[in-house]
Amino acid sequence: MNAWLMALVLVLTGVAVVATVVMIVRDESPPGDPYFLLLGVLLVVLLVQAVVGLVALAGTEADVDAPTFVAYLLTAVLVVPVGAALALVERSRWGTVVLLVALLTVAAMQVRLDSLWTGAGA
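Everything quoted here is computed from the prediction, not taken from an experiment. (Residues numbered from 1 in each chain as written. Predicted model: local features only at pLDDT ≥ 70, side-chain atom pairs only at ≥ 80, totals over all residues. Heavy atoms only, no water.)

Q: Help me understand helix H1 (residues 3-26), please; the structure alone is not making it clear to me.
A: Every α-helical turn comprises 3.6 residues, leaving residues that sit three or four positions apart pointing alike. Helix length check: H1 (24 residues) gives 34 Å between terminal C-alpha atoms against 34 Å at 1.5 Å per residue, within 8%. When H1 is considered as a whole, its buried residues turn out to be Leu5, Met6, Val9, Leu12, Thr13, Ala16, Val17, Thr20, Met23 and Ile24. Close packing links the buried residues of H1 with helix H2 (33-58) and helix H4 (93-118). Residue Asn2 occupies the N-cap position of H1, its side-chain oxygen lying 2.8 Å from the main-chain nitrogen of Trp4. Phi for Asp27, located one or two positions after H1, is positive at around 55°. (Helix = DSSP H or I, 4+ residues; strand = E, 2+ residues; numbered from the N terminus. Expected span 1.5 Å × (residues − 1). Buried < 20%, exposed > 50% of the residue type's maximum accessible area, 1.4 Å probe, protein only. Contact = heavy atoms within 4.5 Å. Polar contact = N/O pair within 3.5 Å; in protein donor to acceptor, adjacent residues only side chain to side chain.)

This is the structure in structure tokens:
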């Protein structure tokens, strides 16, 4: 698994989390275009991570729980657009809170992916 990609995902997620908390505190709903651009960049990086992770899984001899690893890779990609869609549908502070939960889920999944890959969480 590529540590640089995981770090990039965590940094982008962290920036998005901070921006989301600021929006929640200011009661700004729904998020604007620059915010969704950030989510788009995060989604592209998550897609790249999924492809790189699947290729790495296919070429590794390490003892990795493959179904769980693949499920985490693919779910991390799906969480961002679902959270963004819910934030757009629910145009109140709670829609933005749902987006915050989605971003925190992506961060938690990154930690779990790392533990699966290194064998610490198997």
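After presenting the structure, the write-up continues.
Q: Looking at this structure, I do not really get the packing of H2 against H4. What am I missing?
A: For the pair H2 and H4, interaxial distance at closest approach is 13 Å and the crossing angle is 20°. Taken as axis vectors, H2 and H4 run roughly parallel relative to one another. Helix-helix and strand crossings are classified by hand; for H2 and H4 the assignment is left-handed. Of the residues in H4, those touching H2 at Tyr35, Leu39, Leu42, Leu46, Gln49, Ala56 and Leu57 are Leu99, Leu103, Val106, Gln110, Leu113 and Trp117. Among the residues making up the contact of H2 with H4, the classes are represented as 11 nonpolar, 2 polar and no charged. (Axes fitted to C-alpha atoms, helices over the stretch in contact; angles between N-to-C directions. Parallel < 35°, antiparallel > 145°, perpendicular 65-115°, else oblique. Left-handed = near helix turned anticlockwise from the far one by under 90°. Nonpolar A, V, L, I, M, F, W, Y, C, P; charged D, E, K, R; others polar.)

Q: What should I look at first to understand the nonpolar core in this one?
A: Side chains that are nonpolar tend, in soluble globular proteins, to be buried together. Of all hydrophobic cores here, the largest spans 26 residues; its most connected members are Tyr35, Leu39, Leu42, Leu46 and Leu103. Secondary structure elements with two or more residues in this core: H1, H2, helix H3 (66-89) and H4. Beyond its immediate sequence surroundings of up to four residues, Leu39 is in contact with Ala16, Val80, Ala84, Leu99 and Leu103. Membership of the second largest hydrophobic core comes to 9 residues, among which are Met6, Leu57, Val64 and Leu113. (Core = buried A, V, L, I, M, F, W, Y, C linked by side-chain atoms within 4.5 Å.)

Q: Even after reading the chapter, I still don't get the packing of aromatic side chains, so can you show me in this structure?
A: Given two aromatic rings, their pairing is described by the distance between the two centres and the angle made by the two planes. For the coordinates displayed, the defined rule picks out 2 aromatic pairs. Ring centres 6.0 Å apart and planes at 80° place the aromatic pair Tyr35 and Phe36 in the edge-to-face group. For Tyr35, a relative accessible area of 7% puts it in the buried group. We classify Phe36 as partly exposed; its relative accessible area is 22%. Ring centres of Phe69 and Trp117 lie 5.3 Å apart, and the angle between their planes is 40°; this geometry places the pair in the tilted category. (Phe/Tyr/Trp six-rings, centres within 6.5 Å; stacked < 30°, edge-to-face > 60°.)

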